[in-house]
Amino acid sequence: SDLNPSIFTNGGPVPSSLVEISGGRNTGKTMLLMQLVAQSLTHCDVVLLNTSNKIDPTILGALLKDAISASSPNSTSAELEKKFETCLESLEIMNCFSSTQLEMALKTLDQYVLLDNERISLIAVDSLCEFYWFDLEPETRQRKFTYYMNALAPLRKICNKFYVSCMYTVDSSFNRNAY
């Protein structure tokens, strides 16, 4: 709740929801995702699946410090630093360099991580369809929208099974079904 009132007018994403952050290339999708992750860390544990390798730890740390300062305006610097350390411990980053690694990360979430930590309320994925061009077999055609729907299916299953929310970025060219 109270995640970002300008985006979530009801206070935040409801459990089991999927929040899509879409747009063209270089429109700030990753930055918005990092801001929402930083704000979420002040309330819950977060798993961040980094497929695009655009997540900058320095920027994420600065955004987290800003979110902590905004949520605790009367805290001393020592208290803010303690909260920062606590929030960092509440963040699990999984770097994925292929669709196979992303698939394994999702299986790990489903079979181990979410079973062991009930404080996890948010799964964030930067660039859900990052591996489309790598996965495209030679002489084979697959629509971007079909790839997107197939990539979204395991996230939807995990969100419903564990009652967690998921935010993900995706290039807007993937979420349009032209047919």
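Refer to the structure printed above.
Note that residues are indexed from 1 along each chain, following the sequence as it is written. Given that this is a predicted model, residues contribute local features only at a pLDDT of at least 70 and side-chain atom pairs are listed and counted only at 80 or more, while totals for whole chains, interfaces and linings are drawn from all residues. Side-chain figures throughout are based on the complete set of non-hydrogen atoms in the structure, without hydrogens or water.

A. Highlighting the sheet that holds strand E5 (residues 165-171). A sheet is described by the order of its strands in space; here five strands give the open sequence E1-E5-E4-E2-E3, paired in parallel fashion. Two strands lie at the open edges of the sheet, namely strand E1 (18-23) and strand E3 (91-95), each paired on one side alone. Each neighbouring strand pair of the sheet contributes to a mean axis angle of 15°, computed without reference to strand direction. Should DSSP find at least two bridges between two strands, the strands are taken to pair. Counting from the N terminus, the helices are DSSP H or I runs at least four residues long and the strands are E runs at least two residues long. Of the strand pairs in this sheet, strand E4 (residues 120-126) and E5 are connected by four bridges, and their pairing is parallel. For Leu 122, the partnering residue across the bridge sits in E5 and is Ser 165. For every element, the axis is a line fit to its C-alpha atoms; helices are fit only across the contacting stretch, and the angle between N-to-C directions ranges from 0 to 180 degrees.

B. Region of interest: the pairing of E1. Alternating positions in E1 separate cleanly, Val 19, Ile 21 and Gly 23 being buried on one face and Leu 18, Glu 20 and Ser 22 remaining unburied on the opposite face. Of the strand pairs in this sheet, E1 and E5 are connected by six bridges, and their pairing is parallel. From the neighbouring strand, Ile 21 faces E5, where its bridge partner is Thr 169. Buried residues are those whose accessible area, probed at 1.4 Å on protein chains only, stays under 20% of the maximum for their type, while exposed residues exceed 50% and partly exposed ones sit between those limits.

C. The layout of surface pockets, seen in detail. Roughly 440 Å³ of internal volume is contained in the largest pocket. Residue lining of the largest pocket: 21 residues in total, with Arg 25, Lys 54, Ser 127, Glu 130 and Asp 171 positioned closest to the centre. When residues are sorted by character, Ala, Val, Leu, Ile, Met, Phe, Trp, Tyr, Cys and Pro go into the nonpolar class, Asp, Glu, Lys and Arg into the charged class, and all the rest, Gly among them, into the polar class. Broken down by class, the residue content of the lining of the largest pocket amounts to seven nonpolar, seven polar and seven charged. Here a cavity is any set of points on a 1 Å grid over the protein atoms alone where a 1.4 Å probe fits but cannot get out, and a pocket is any open set with protein on both sides within 12 Å along at least 5 of 7 lines; a residue lines the site when it has an atom within 4 Å of a point. Grid points are joined across faces, edges and corners, and a volume is the space filled by probe spheres set on the points. One number sums up the size of the second largest pocket: a volume of about 350 Å³.

D. Spotlight on the nonpolar core. By nonpolar core is meant a set of buried Ala, Val, Leu, Ile, Met, Phe, Trp, Tyr and Cys residues that side-chain atoms within 4.5 Å join together. Ranked by size, the top nonpolar core spans 29 residues in total, and within it Leu 49, Leu 109, Ile 123 and Leu 128 carry the most contacts. When contributions to this core are tallied by element, the ones reaching two or more residues are strand E2 (45-50), helix H4 (99-116), E4, helix H6 (144-162) and E5. Ranked by residues supplied to this core, first place goes to H6 with eight residues. The criterion used for residue contact is that any of the two residues' heavy atoms lie within 4.5 Å. The contact partners of Leu 128, leaving out residues within four places of it in the chain, are Leu 102, Tyr 148, Ala 151, Leu 152, Leu 155, Tyr 168 and Thr 169. Grouped together as the second largest cluster of nonpolar side chains are 24 residues, Phe 8, Leu 36, Ala 38 and Cys 87 included.

E. View of the packing of helix H2 (residues 57-71) against helix H3 (residues 77-89). Interaxial distance between H2 and H3 falls to 10 Å at its minimum, and their mutual angle equals 125°. In terms of axis orientation, H2 runs oblique to H3. Taken as a pair, H2 and H3 cross one another with a handedness that is right-handed. Only Leu 80, Lys 83, Phe 84, Cys 87 and Leu 88 of H3 make contact with H2, whose side of the interface consists of Gly 61, Leu 64, Lys 65, Ile 68 and Ser 69. For the contact of H2 with H3, the residue count by class is six nonpolar, two polar and two charged. Should an angle lie under 35 degrees it is considered roughly parallel, over 145 roughly antiparallel, and from 65 to 115 roughly perpendicular; all remaining angles are considered oblique. Each crossing gets its hand from how the near helix is turned against the far one by less than a right angle, where anticlockwise is left-handed and clockwise is right-handed.

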